Amino acid sequence: MNPIIAGNWKMNKDPVESRALVQQLLELTGDVKNREIIIIPPFTSLSIVAELTRTSRIKLGAQNMYWERSGAYTGEISGVFLKSLGCDYVLIGHSERRHIMGETDEIINKKLKAALEIGLISIFCCGETEKEREDGRTEEVITRQLQHGLKDIEDQVHKMIIAYEPVWAIGTGKTATPQQAAEVHAFIRSRLQKQVAVLYGGSVKPDNVDALMSENEINGCLVGGASLKPESFARIVKFNR
Ligand code: PGA
């Protein structure tokens, strides 16, 4: 399996800025082999990024989706639309959606089920808060998130990607050490019935990606802030083990 590097732009980059960023990324990563590169822009930039990356090795993902295919759900986006736009991936259960938008494990479970039916590959995010880690509850929290998120679909987990994103490391500049991440990745794997790629996310930068990716347990990275600058994202894609 090739290592996977995914860039989550969050609510950044309007359509004009998105075009410029992708054009630079295409130049900087044109020579990359043996890496899966996924870009996850805001909805408003998906079609532009889809058009620009069509003939490249860069794949497209969305940051969220609704679980119904269509209907009276004002302001929501159907996974079917994402698929027809050229998305192969969708982020589900990102900690910002859990903590700011109030998404529960039950909502996440509905979205994971819908994505499976549509044939989108979910990047299913889990991770503990700082307090939960301090209280020694990391494994308990991850177990709950996996169990409830994957209710009725655990036998299909090999069609998804899991992202371990400790909440205390997201956007804070505090990265989990490679050992801390590898420990939780091994734990996640031990809880699942099937082989699955597990990405690490949380302040991944050009200067820590090599050490993180030297851990066998870490199959790739989900990058936030550092994916907004073409040079730093390209350097992360081109990590050295
Ligand atoms: P960060 O975000 O790299 O800015 O910490 C990671 C994420 O939220 O996926």
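Residues numbered from 1 in each chain as written. Predicted model: local features only at pLDDT ≥ 70, side-chain atom pairs only at ≥ 80, totals over all residues. Heavy atoms only, no water.

With an unreviewed UniProt entry as reference, the protein chain is termed Triosephosphate isomerase, source organism candidate division TA06 bacterium DG_78. The UniProt entry for the protein chain carries the following text under Subunit (unreviewed entry): "Homodimer." Of the protein chain, the UniProt comment under Catalytic activity (unreviewed entry) reads exactly: "D-glyceraldehyde 3-phosphate = dihydroxyacetone phosphate". (UniProt positions renumbered as here; feature names shortened; annotations may be inferred.)

Colleague: I would appreciate a short explanation of the site of the ligand in the present structure.
Modeller: The ligand sits among 13 residues. The nearest are K10, H94, E165, G171 and S203. E165 places a side-chain nitrogen or oxygen 2.7 Å from an oxygen atom of the ligand. At 2.7 Å, a backbone N or O of S203 approaches an oxygen atom of the ligand. (Near = heavy atom within 4 Å. Polar contact = N/O pair within 3.5 Å; in protein donor to acceptor, adjacent residues only side chain to side chain.)

Colleague: Is there a simple way to think about the sheet that holds strand β2 (residues 36–40) in this case?
Modeller: Note: strands within a sheet are paired through backbone hydrogen bonds, in either parallel or antiparallel orientation. Here eight strands make up a closed barrel; going around it, the order is β1-β2-β3-β4-β5-β6-β7-β8 and the pairing parallel. When strand polarity is set aside, the average angle formed by the axes of neighbouring strands in this sheet is 25 degrees. Strand direction decides the pairing type here: strand β4 (residues 89–92) and strand β5 (residues 121–126), joined by four bridges, are parallel. Its bridge partner lying in β5, L91 is registered against I123. (Pairing = 2+ DSSP bridges. Helix = DSSP H or I, 4+ residues; strand = E, 2+ residues; numbered from the N terminus. Axes fitted to C-alpha atoms, helices over the stretch in contact; angles between N-to-C directions.)

Colleague: For this particular structure, what's the right way to read the packing of helix α1 (residues 15–29) against helix α2 (residues 46–53)?
Modeller: The axes of two packed helices give the description: the angle between them and the distance between them. Here α1 crosses α2 at 25 degrees, and the two axes come no closer than 9 Å. With respect to their mutual orientation, α1 and α2 come out roughly parallel. When you trace α1 past α2, the crossing you get is right-handed. Here P15, R19, V22, Q23 and L26 of α1 lie close against α2, whose contacting residues are I48, V49, E51, L52 and T53. For the contact of α1 with α2, the per-class residue count stands at six nonpolar, two polar and two charged. (Parallel < 35°, antiparallel > 145°, perpendicular 65-115°, else oblique. Left-handed = near helix turned anticlockwise from the far one by under 90°. Contact = heavy atoms within 4.5 Å. Nonpolar A, V, L, I, M, F, W, Y, C, P; charged D, E, K, R; others polar.)

Colleague: Whenever I open this one, the side chain of D105 confuses me. Can you help?
Modeller: Turning to its location among the elements, D105 is positioned in helix α5 (residues 105–118). With a relative accessible area of 7%, D105 lands in the buried category. A distance of 2.8 Å separates the side chain of D105 from the side chain of R144, its partner in a polar contact. Excluding residues that lie within four positions of it along the chain, D105 makes contacts with R98, R144, Q145, H148 and G149. (Buried < 20%, exposed > 50% of the residue type's maximum accessible area, 1.4 Å probe, protein only.)

Colleague: So what exactly am I meant to see when it comes to the UniProt feature "binding site: substrate" (unreviewed entry) in the protein chain here?
Modeller: UniProt tags N8, W9, K10, G171, S203, G224 and G225 as "binding site: substrate" (unreviewed entry). For the residues just named, distributed over 218 residues, the greatest C-alpha separation is only 13.7 Å, placing them together at one site. Mapped onto the secondary structure, W9 falls in the loop between β1 (4–8) and α1. What makes W9 buried here is its relative accessible area of 1%. With residues near it in sequence (within four places) discarded, W9 still touches S18, L21, V22, I39, I40, P41, P42, V49, Q63, S227 and L228.

Colleague: Please clarify how the UniProt feature "active site" (unreviewed entry) in the protein chain should be interpreted in this entry.
Modeller: What UniProt calls "active site" (unreviewed entry) maps, in this numbering, to H94 and E165. A maximum C-alpha distance of 8.3 Å places the annotated residues, which cover 72 residues in sequence, within one compact spot. Locating H94 in the fold gives a position in the loop between β4 and α4 (95–99). Residue class for H94 comes out buried when judged on its relative accessible area of 4%. Sequence-distant contacts of H94, that is, excluding residues within four places in its chain, are made with N8, K10, C125, E165 and I170. Structurally, E165 is set in the loop between β6 (161–164) and α8 (178–191). Residue class for E165 comes out buried when judged on its relative accessible area of 5%. With residues up to four places along the chain from it excluded, the contact list for E165 reads H94, C125, C126, G127, I170, G201, G202 and L222.

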